[in-house]
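Summary of the model geometry
Here are the chains, one letter per residue:
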Amino acid sequence: MGWGWGWRPYVPVAQRRRKAILQMEKLRKKGAAIAPVRIEGRQIARTFWGKAWCEHLEKFSDYENRLPRGRTYVRNGAVCHLEIRKGEVWAKVMGSHLYEVQVKVKTLPEDRWKTVKERCGGKVASLLDLLRGRLSERVMEVVTDRDSGLFPRPKEISLACSCPDWAEMCKHVAGVLYGVGARLDERPELLFLLRGVDHKELVGSAQAGSVIARGKKGGKHKKLADGDLGEVFGIELAAPPRKAHSARGGRRTARRLGRRGR
Ligand SMILES: [Zn+2]
């Protein structure tokens with residue numbers, strides 16, 4: 001490791017950022033949908049899903065030494081484009097040049113997804129609760145479990161960068177991995193897209209099979225999720241989910257009334 005490792009030639013952050021903005025503008029003019037990662041303040045991720053993603057990756061010894069280099073990168077706006085698709089993340093990162101980063105993530109094995117659904121069965125009240133991370137401790141434990149949860153393990157992830165420093169994990173890739181956390185703050189449903197599963201299947205599925213029966217309801221929720229989540233996230237939930245005993249009470253009253261009627 002020689003002098004100036006990783007920093008040749010030194011380009012001031014502001015200059016790098018200007019260069020990046022110009023390059024992204026060019027791509028936009030060509031019709032590319034450019035989605036930069038913007039971090040406000042020092043915290044990279046603020047929501048349950050974004051934080052859980054970052055904390056999950058930091059748990060692995062394969063990553064813990066290399067990941068921190070990515071924090072400054074993503075905070076400085078170096079991740080000028082990040083797109084999450086099924087099984088992969090594509091990104092453009094400004095270093096001394098503009099580099100292409102690809103992160104491949106294996107889709108969630110069917111049996112693992114089935115187990116997650118069974119363990120969360122009936123405990124996620126609504127799509128909004130799921131996306132906002134308003135989950136019970138039990139559900140949080142299930143979805144964030146290091147080995148059996150929704151987040152990928154390092155052996156399910158393969159990394160690539162077009163930079164000359166490329167060795168296992170460069171700072172561009174590390175920046176992108178944190179960038180994914182920031183993106184999940186805005187659009188948590190992308191985690192499920194990345195893993196190739198339908199997040200709506202986690203909502204209200206108390207028994208196996210009820211998932212399909214609730215397909216119609218899920219459709220209604222989808223419309224909400226596709227809207228501006230920032231706006232949706234600003235709305236407080238109107239009322240806590242109705243408790244089972246009050247529903248039963250209602251039925252009892254109805255029965256009593258019915259009897260009286262007879
Ligand atoms: Zn790189």
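Structure shown above.
This text gives an overview of the structure that appears in the document. Numbering of residues starts from 1 in each chain and follows the order in which that chain's sequence is written. In view of the model being predicted, local features appear only for residues whose pLDDT reaches at least 70, and side-chain atom pairs are presented and counted only at 80 or more, with totals across whole chains, interfaces and linings using the full set of residues.

Observations regarding the sheet that holds strand 4 (residues 157–161)
For two strands to pair, DSSP has to find at least two bridges joining them. The way it works is that DSSP assigns letters per residue, a run of H or I at least four long becomes a helix, a run of E at least two long becomes a strand, and they are numbered from the N terminus. Strand order in this open sheet of four strands is 1-2-3-4, and the pairing throughout is antiparallel. Each edge of the sheet is formed by a strand with only one pairing partner; in this case those strands are strand 1 (79–85) and strand 4. Averaged over neighbouring strand pairs, the angle between their axes works out to 10 degrees when direction is ignored. Here strand 3 (residues 98–105) pairs with strand 4 via five bridges, running antiparallel. The residue bridging V103 from the neighbouring strand is L159, located in strand 4. Lines are fitted to the C-alpha atoms to define the axes, a helix being fitted only along its stretch in contact, and any angle between axes, read from their N-to-C directions, falls within 0 to 180 degrees.

Brief notes about the nonpolar core
W53, V74, V79, V93, V173, V176 and L177 are the most contacted members of the largest nonpolar core, which totals 60 residues. In terms of residue count, the dominant contributor to this core is helix 8 (residues 171–186) (eight residues). Once you skip the residues sitting within four places of it in the chain, V74 turns out to touch V37, I39, I44, V79, G175, Y178, G179 and A182. By convention the nonpolar core is taken to be a set of buried residues drawn from Ala, Val, Leu, Ile, Met, Phe, Trp, Tyr and Cys and joined through C-beta atoms within 7 Å. Exposure criterion: with C-beta atoms placed from backbone coordinates, a residue whose C-beta has 20 or more other C-beta atoms within 10 Å is buried, one with 12 or fewer is exposed, and one in between is partly exposed. With C-beta atoms placed from the backbone, a contact is any residue pair whose C-beta atoms sit within 7 Å.

A word on the packing of helix 2 (residues 48–58) against helix 8
As a packed pair, helix 2 and helix 8 sit with axes 7 Å apart at the nearest point and diverge in direction by 160 degrees. Taken as axis vectors, helix 2 and helix 8 run roughly antiparallel relative to one another. Facing helix 2, whose interface residues are W49, G50, W53, C54 and L57, helix 8 presents L177, Y178, V180, G181, A182, L184 and D185. Grouping the constituent residues of the contact of helix 2 with helix 8 by class yields nine nonpolar, two polar and one charged. Roughly parallel means an angle under 35 degrees; roughly antiparallel means over 145; roughly perpendicular covers 65 to 115; every other angle is labelled oblique. Residues are grouped as follows: nonpolar covers Ala, Val, Leu, Ile, Met, Phe, Trp, Tyr, Cys and Pro; charged covers Asp, Glu, Lys and Arg; every other residue, Gly included, is treated as polar.

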